[in-house]
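# Remarks on the overall topology
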Amino acid sequence: MKKLLLFIVLLAGVLSAHAQFEQGTKYVGASVSGLGFSYSSSEKFRFGLDLTAGYFVSDCLMLRGNVTYDHTKAINDVAVGAGARYYFDQCGVFMGAGAEYVHYTPNSNDVQIPLEVGYAFFVNRFITIEPSVYYKMSLDSFSQKSTIGLRIGLGFYF
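In this text the structure is predicted, and so the values were computed from the model without any measurement. (Residues numbered from 1 in each chain as written. Predicted model: local features only at pLDDT ≥ 70, side-chain atom pairs only at ≥ 80, totals over all residues. Heavy atoms only, no water.)

### So, the pairing of strand β1 (residues 26-34)
Bridge count between β1 and strand β2 (residues 47-58): nine bridges; the pairing is antiparallel. Bridging from a neighbouring strand, glycine 29 pairs with threonine 52 of β2. Looking at chain direction, β1 and strand β9 (residues 147-157) are connected through seven bridges and run antiparallel. Looking at β9, one finds that serine 33 is bridged to arginine 151. (Pairing = 2+ DSSP bridges. Helix = DSSP H or I, 4+ residues; strand = E, 2+ residues; numbered from the N terminus.)

### Describing the pattern of salt bridges
Within the structure shown, the criterion is met by five salt bridges. Here arginine 85 and glutamate 116 are joined by a salt bridge, their closest N and O atoms 3.3 Å apart. Taken together, the positions of arginine 85 in strand β4 (residues 76-87) and glutamate 116 in strand β6 (residues 108-119) put the pair 31 residues apart, joining distant regions of the chain. Glutamate 116 carries the same exposure label as arginine 85, and that label is buried. Linking arginine 151 and glutamate 116 is a salt bridge whose minimum nitrogen-to-oxygen distance equals 3.3 Å. Taken together, the residues arginine 151 in strand β9 and glutamate 116 in strand β6 connect sequence positions 35 residues apart. Arginine 151 sits in the buried class, given a relative accessible area of 12%. Within the structure, one salt-bridge network assembled from shared partners comprises Arg64, Arg85, Glu116, Glu130 and Arg151. (Salt bridge = Lys/Arg side-chain N within 4 Å of Asp/Glu carboxyl O. Buried < 20%, exposed > 50% of the residue type's maximum accessible area, 1.4 Å probe, protein only.)

### Focus on the packing of aromatic side chains
Enumeration over the complete set of coordinates arrives at 13 aromatic pairs. Taking the centre distance of 5.5 Å and the plane angle of 40 degrees together, the rings of phenylalanine 56 and tyrosine 87 count as tilted. Of this pair, phenylalanine 56 sits in strand β2 while tyrosine 87 sits in strand β4, and the two are 31 residues apart along the sequence. Both rings, one in tyrosine 87 and one in tyrosine 157, keep their centres 6.4 Å apart while their planes meet at 75 degrees; by these two values the pair is edge-to-face. Here tyrosine 87 is found in strand β4, whereas its partner tyrosine 157 is found in strand β9, with 70 residues between them in sequence. Take tyrosine 87: its relative accessible area is 0%, and that puts it in the buried class. Taken together through their ring pairs, the aromatic side chains of Phe21, Tyr27, Phe56, Tyr87, Phe94, Phe122 and Tyr157 make up a single cluster. The side chain of lysine 136 reaches across the aromatic face of tyrosine 134, ending 5.8 Å from its centre. Sitting over the face of the ring of tyrosine 134, arginine 151 holds its NZ or CZ atom 4.3 Å from the ring centroid. (Phe/Tyr/Trp six-rings, centres within 6.5 Å; stacked < 30°, edge-to-face > 60°. Lys NZ or Arg CZ within 6 Å of the ring centre and 35° of its normal.)

Below is the structure:
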């Protein structure tokens, strides 16, 4: 009896997660990056906040827009970007890519190509905890402004 009950609970969890990646679902998320887990050759420590909104244009494919603020010891930067995120096989593993326009505080601009791989862990039917690894490739100065790091966020699917 316990095995049957466990099977029913797991089946309900899988079916509810499946519904979240369907066409027409909307997404809002916020994440924190850096905290010593981000690295670029110009700055050892970064702290960032990222706000994201998205819409599933088809099953498992979300188009998204984001606004990001990053702080380092020397500079602050604000980025606006757009991209896509693909969820593999309804299991929560995702991969994302896009483009960002970045404005650095001392009158410098850049275009970056962010790539990320992560997992959407569903706390309940709508809310997720989303750890991910990202790489942002700078088109202005590849060796000085490109960054790699970890990000943890909260997502809301509705």
